[in-house]
Amino acid sequence: MERFYLYDDVEDTKTRFVSFTGETQRYDLAILQSTRFFGKVLVMDIQFNRMAIIGADDVEEEGYLEHAFNRNTVEAEELREYLRELLN
């Protein structure tokens, strides 16, 4: 089978593993920084197998974290508070 690659790059990245508890939930995240994301970070929710490329503007977008990480309003706000600190 012939493959058509759009790209196949290797890049050094910085990865941070964070685990914290909120009022209702434990959060286990891997946060990957790379030049590929144009100033945003790849946030991976290890427990729920969800991920999103997030910047400071995305954190403030209504409903974005709820949808991206399949979280209810309370859980998304706990995650939002952490990501605000991380991205500012």
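Structural data are supplied above this passage.
Our subject in this report is the structure included herewith. These numbers were taken from a predicted model, which means no experiment stands behind them.

Attention now goes to the sheet that holds strand β4 (residues 50-54). Spatial ordering of the open sheet is given by β1-β2-β3-β4, a layout of four strands whose pairing is antiparallel. Since the sheet does not close on itself, it has two edges, and those belong to β1 (14-21) and β4, each with one partner. Between one strand axis and the next, the sheet turns through 20° on average, direction left out of account. Both strand β2 (residues 26-33) and strand β3 (residues 41-45) contribute to a ladder of five bridges, which runs antiparallel. Residue A30 lies in a different strand from β3, and its bridge partner there is M44. Its contacts with the sheet put helix α3 (residues 73-87) on β1, β2, β3 and β4, and the angle it makes with β2 is roughly 35°.

To continue, consider the packing of aromatic side chains. For the coordinates displayed, the defined rule picks out two aromatic pairs. Between F20 and Y27, the ring centres sit 4.9 Å apart and the planes meet at 20°, which makes this aromatic pair stacked. Centroid distance F20 to Y82: 5.1 Å. Interplanar angle 35°. Geometry classified as tilted. Of the two residues, F20 sits in strand β1 while Y82 sits in helix α3, which places them 62 residues apart along the sequence.

Structurally, R80 can be placed in helix α3. Owing to a relative accessible area of 7%, R80 belongs among the buried residues under this scheme. Among all residues touching R80, those that are not within four sequence positions of it are V59, E61, L65 and E66.

Following the sequence through the fold, R36 ends up in the loop between β2 and β3. By relative accessible area, R36 is classed as partly exposed at 32%. With 27 residues separating them in the primary sequence, R36 and D9 have C-alpha atoms 10.0 Å apart. Excluding residues within four positions of it along the chain, R36 makes contact with Y7, D9 and E11.

Throughout the structure, instances matching the rule amount to nine salt bridges. With a shortest N-O distance of 2.5 Å, D9 and R36 are connected by a salt bridge. In this pair, D9 is assigned in the segment before β1 and R36 in the loop between β2 and β3, connecting sequence segments 27 residues apart. As a salt-bridge pair, E75 and R71 come within 3.9 Å of each other at their nearest N and O atoms. Each member of the pair, E75 together with R71, is buried.

What counts and how
Residues numbered from 1 in each chain as written. Predicted model: local features only at pLDDT ≥ 70, side-chain atom pairs only at ≥ 80, totals over all residues. Heavy atoms only, no water. Pairing = 2+ DSSP bridges. Helix = DSSP H or I, 4+ residues; strand = E, 2+ residues; numbered from the N terminus. Axes fitted to C-alpha atoms, helices over the stretch in contact; angles between N-to-C directions. Contact = heavy atoms within 4.5 Å. Phe/Tyr/Trp six-rings, centres within 6.5 Å; stacked < 30°, edge-to-face > 60°. Buried < 20%, exposed > 50% of the residue type's maximum accessible area, 1.4 Å probe, protein only. Salt bridge = Lys/Arg side-chain N within 4 Å of Asp/Glu carboxyl O.

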